[in-house]
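Each chain, written out:
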Amino acid sequence: MNAAVATSVFGAFMVVTVALGLLAVRGRGNRGRDGLAEWSVGGRSLGTVFIWVLMAGEGYTSFSYLGAAGWGYNYGAPVLYVVAYMSCGYAVGYVVGPMLWAYARRHGLVGITDMVAHRFGRPWLGALVAVLATVFLLPYIQLQITGMGVVVSTISYGAISLNWAYFIAFAVTTGFVVVSGLRGSAWVSVLKDVLVIATLGFLAFYVPMHYFDGYGPFLDRLVTEKSEWLTFPGHGDSGLGQAWFITTSFLNSLTVVIFPTTVAGYLGAKNADVLRRNAMWLPAYNVLLFVPMLLGMAALFVVPGLVGAESNLALFRLVVDSLPAWAVGVIGVAAALSSIVPMAVFMLVIGTMWGRSVLSLVPRWQQRQKGAAQTVVVAAGVIALVMTYSAPNTLVRLSLISYEGMAQLLPMVLLGLVWRRLTLLGAMAGVVVGVGVVCGFVFTENDPVWGVNAGIVALGANLAVALAVTYAGPREHDDRPDGDVLARDEPEERQGTAGSREPELSGVGISEASDAPAGA
């Protein structure tokens, strides 16, 4: 009976979710050259509220509901890096977001692969970046499939096996993103945020009162019995000390602003001021992250003995046995939507990168970029689903792998867009070295290395090689003016609106530059 009630609540909300996605795109331009822009960046017309909930949705995922609680359960204090890097990342985004928005709008671009291809005048470079970015985004899609699968299986009280739950997560999200695109994700984010705020606010009071008779007894017991969880490096021989915390927070705060999903949020804005206001308000959302972290440590006393990936269940184990089935269903919906929204954006971005930068190089696909992108969405989802079955991992581990890999694009993307001297050869050499170093550390299980985040060691090597090759090699010639090559947040572009004219998404910004040598 409990399983039937909880899954019925869950199913009803999934129907509402799909309906919102369909309603969001009804009557929108969806064909021809405008189709990809409408599907991938919401027609560049989203206002402050939709951009806020969309980007908050990317930051608050099933990782936050389950992974943060899991790491709070396993280690304790080191999980606070999530709050640190996201807050710092929003500050960086205050500057970077409008700059990328202006650059993309000026040249009719829809993602970082377009930007890199345009900056260096090489369409094939966009395809190369798309492939590399996809490799490091797939673990994040796997993270969301894993998270939503755990939620579905748990709220069904075990009636739905974990393997079937993973498939349900894949099927629902893939169908949703193919139909609704970025605009649908923004609409569903509103529903998700209402449920997340309500359920976490409730759990923040319910769990300590129900299990410990209040915060005072709970915190007294935590300090007395589990003090190791409250200091660095946390519980056990984790290696997650202060140096790891600082380097991880720094690396991720830089990386998050060029994460393809973050950039999709930037480019969906109707003007640059929307992004500035968004950057000021988003840190307030991080307050919610303290709840699952704290409840993960509360689970140490209620459900001891969870190991490995089982620790992702720490938060839900607290509520399944103590709340009525309908309440479990509602909490499950909030957690599931925290998977669907970011997973939809990740899959959409992968599809856009491939449709725009890879498959568009094939003549027969040039006029069918949206269809190509939607096909890639399905393929990416299938690959992530297979990875979920064959290589499960804890949610935080998957998140860290994605960020450490994506960080290696920082010199090529950010430095390249503000410093014209960076050469194509230098940027590529740096990426090759950086990716090689980070993969070597991660796959030999040497992360952290020397007490710091392996990704920042790789980024240091990446940047050093990029600069050395740039200065040692010949200066490359490019006749394009600085305004066509570099990114600038120009005052007149701050006032851009959805109704203003912008370049058509026909690849002009890339194709015109393709005959010119890389930036001097």
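The coordinates are above.
Residues numbered from 1 in each chain as written. Predicted model: local features only at pLDDT ≥ 70, side-chain atom pairs only at ≥ 80, totals over all residues. Heavy atoms only, no water.

Now, about the overall build of the protein: what can you tell me, with residues and values included?
Helix and strand counts for the protein come out as 22 helices and zero strands. For the protein, the proportion of its 520 residues judged to be buried stands at 60%. Of the contacts made within the protein by residues no fewer than 6 positions apart, 86% connect residues no fewer than 24 positions apart. Per element, the accessible surface of the protein, about 18,900 Å² overall, is 66% carbon and sulfur. (Helix = DSSP H or I, 4+ residues; strand = E, 2+ residues; numbered from the N terminus. Buried < 20%, exposed > 50% of the residue type's maximum accessible area, 1.4 Å probe, protein only. Contact = heavy atoms within 4.5 Å. Areas by Shrake-Rupley, 256 points an atom, 1.4 Å probe, with all protein chains shown as cover.)

Let's hear about helix 10 (residues 242-255): which residues, and what values?
For helix 10, built from 14 residues, the straight-helix expectation of 20 Å at 1.5 Å per residue is met to within 8% by its first-to-last C-alpha distance of 20 Å. Those residues of helix 10 lying buried are Trp 244, Phe 245, Thr 247, Thr 248, Ser 249, Leu 251, Asn 252, Ser 253 and Thr 255. (Expected span 1.5 Å × (residues − 1).)

Any chance you could break down the pattern of salt bridges for me, citing the residues and the numbers?
In the structure shown here, the tally under the stated rule is four salt bridges. Arg 221 serves as the salt-bridge partner of Glu 225, at 3.2 Å between the closest nitrogen and oxygen. A residue pair is termed a helical-turn pair when its members lie 3 or 4 positions apart in one helix, as Glu 225 and Arg 221 do in helix 9 (residues 215-225) at four residues. Look at Arg 221 and you get partly exposed, because its relative accessible area is 34%. (Salt bridge = Lys/Arg side-chain N within 4 Å of Asp/Glu carboxyl O.)

Report on the environment of Val 341, specifying residues and quantitative values.
The residue Val 341 is located in helix 15 (residues 325-358) in this model. Since its relative accessible area comes to 0%, Val 341 is described here as buried. A sequence separation of 168 residues divides Val 341 from Thr 173, and the C-alpha atoms of the two residues are 8.2 Å apart.

Could you give an account of the packing of aromatic side chains, naming the residues involved and the relevant values?
Under the definition given, this model contains 17 aromatic pairs. Geometrically, the ring pair formed by Phe 441 and Trp 450 is edge-to-face, given 6.1 Å between the ring centres and 80° between the ring planes. What links up through ring pairs into an aromatic cluster is the set Trp 71, Tyr 75, Tyr 81, Tyr 85, Trp 244, Phe 259, Phe 346 and Tyr 403. Stacked on the ring of Phe 120, the Lys or Arg Arg 119 has its end atom at 4.4 Å from the ring centre. (Phe/Tyr/Trp six-rings, centres within 6.5 Å; stacked < 30°, edge-to-face > 60°. Lys NZ or Arg CZ within 6 Å of the ring centre and 35° of its normal.)

By themselves, these observations are geometric and do not establish any function.
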